[in-house]
Amino acid sequence: MTMNAMTDMKPETRQIPHYRPAGNEIALFEMAHANGLPLLLKGPTGCGKTRFVEYMAARLGRRLYTVACHDDLSAADLIGRYLLRGGATEWVDGPLTRAVREGAICYLDEVVEARKDVAVVLHPLTDDRRTLMIDRTGEELKAPPGFMLVASYNPGYQNVLKRMKPSTRQRFLSASFDFPDPATEQAVVAQESGLDLARTAPLIRLAGRIRALSGMDLEEGVSTRLLIYAATLIAGGMGLDDALEAAVIEPLTDDADVRTALRDLVATTW
Ligand code: ADP
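Note that this is a predicted model, so its numbers are computed, not measured. (Residues numbered from 1 in each chain as written. Predicted model: local features only at pLDDT ≥ 70, side-chain atom pairs only at ≥ 80, totals over all residues.)

Engineer: Mind showing me how you'd approach the pairing of strand E6 (residues 131-134) here?
Structural biologist: Looking down a regular strand, the side chains alternate between one sheet face and the other. As paired strands, E6 and strand E7 (residues 139-142) are joined by 4 bridges and run antiparallel to one another. Looking at E7, one finds that Thr131 is bridged to Lys142. Here E6 hands over to E7 after 4 residues, with Gly138 in that stretch at a positive phi of 75 degrees. (Pairing = 2+ DSSP bridges. Helix = DSSP H or I, 4+ residues; strand = E, 2+ residues; numbered from the N terminus.)

Engineer: Looking at this model, I keep getting lost on the sheet that holds strand E5 (residues 105-109). Mind explaining?
Structural biologist: Backbone-to-backbone hydrogen bonds join strands into a sheet, with any given pair of strands oriented parallel or antiparallel. Here 5 strands make up an open sheet; going across it, the order is E2-E5-E8-E1-E9 and the pairing parallel. For this open sheet the edge positions go to strand E2 (64-68) and strand E9 (173-176), each flanked by a neighbour on one side alone. Strand-to-strand twist of the sheet, defined as the mean angle between neighbouring strand axes without regard to direction, takes the value 20 degrees. (Axes fitted to C-alpha atoms, helices over the stretch in contact; angles between N-to-C directions.)

Engineer: Would you take a moment to explain the environment of Val67 for this structure?
Structural biologist: Within the secondary structure, Val67 sits in strand E2. For Val67, a count of 25 C-beta atoms within 10 Å translates into the label buried. (Buried ≥ 20, exposed ≤ 12 C-beta atoms within 10 Å, placed from the backbone.)

Engineer: How should unusual backbone geometry be read in this particular structure?
Structural biologist: Residues apart from glycine generally show negative phi values, whereas peptide bonds are mostly found in trans. Positive phi, normally seen in glycine, also occurs at Glu110, with a value near 55 degrees. Of note, Glu110 is situated in the loop between E5 and helix H5 (117-126). A positive phi angle is found at Arg130, which is not glycine, with a value near 45 degrees. Along the chain, Arg130 falls in the loop between H5 and E6. Accessibility expressed as a C-beta count within 10 Å gives 19 for Arg130, which makes it partly exposed.

Engineer: Sorry, what's going on with the site of the ligand here?
Structural biologist: In the vicinity of the ligand, 17 residues are found, and the nearest of them are Gly48, Lys49, Thr50, Arg51 and Arg225. Listed by contribution, the elements that provide at least two residues to the shell around the ligand are helix H2 (49-60), helix H7 (182-193) and helix H9 (224-235). (Near = placed C-beta within 6 Å.)

Engineer: Looking at this model, I keep getting lost on the nonpolar core. Mind explaining?
Structural biologist: Proteins that are soluble and globular tend to have nonpolar side chains buried together. Ranked by internal contacts, the top residues of the largest apolar core, which has 41 residues, are Ala99, Ile105, Cys106, Tyr107, Val150 and Ala151. Within the residue set of this core, elements represented by two or more residues are strand E1 (39-42), H2, E2, helix H3 (75-79), helix H4 (95-102), E5, H5 and strand E8 (148-153). Those residues within four positions of Ile105 in sequence are excluded, and the remaining contacts are Ala57, Arg62, Leu64, Ala99, Met148 and Val150. Val188, Ile204, Leu226 and Leu233 belong to the second largest nonpolar core, which has 25 residues in total. (Core = buried A, V, L, I, M, F, W, Y, C linked by C-beta atoms within 7 Å. Contact = placed C-beta atoms within 7 Å.)

Laid out in structure tokens, this is it:
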């Protein structure tokens, strides 16, 4: 991966983003941060994991480096590499190294997607050594107290090759995330989309029905993110059917029969 392609590596500069807690996750994150412990967030896509980390980073006043992991992401992408600049080679830190140097928070989204050599880097960083080894430069960086490693993964994807090994898993405190309860989700959808609270009610009902189906014909239920998209389109004046088609039905499945079943579900919800 070239450095230019790393657009997802964004230090968070916003004000404290909006986040509605579901349980004790804020206290858990604060304790993990205060004690230098890494944290693993498990849960389906679009349920608020990333938003939670952004919120916590802002709340703790820490810079955040987010890396969206993919199957080509290697240890070098996280640590850094020598690059040719104006005829000379120059070492350029990757996002993980920067986070360690600055005492920032590094969030590895969908960490199980990354290449296997990433685990080797994470191990000394996630036990009491809290050390990042940079083989290429011979540096051994001791993480300062503010540094925290957060990772997420989606246990719903049943991929045997992409399971997290116990030896890595057992280095993290872990918390399960799920879609917010209906009242919370409704408030979140209304707040994020600008759609009137009352008009979001059927969307939340529809989500409940679709999620009850998931596992049967759908790989995964509709995410809070998609509900926000749908509500945003509706708030923008798009007709209900068109909005749901683009924001819920099409993103959920490629199967024509399942789409028809979802349209029936829509028809009985409004
Ligand atoms: P994930 O990282 O789990 O895939 P995100 O954090 O990107 O999901 O969440 C998707 C969207 O859902 C966010 O942009 C945010 O608008 C909204 N969201 C989900 N849960 C919450 C919550 N508890 N509080 C505020 N916003 C939320």
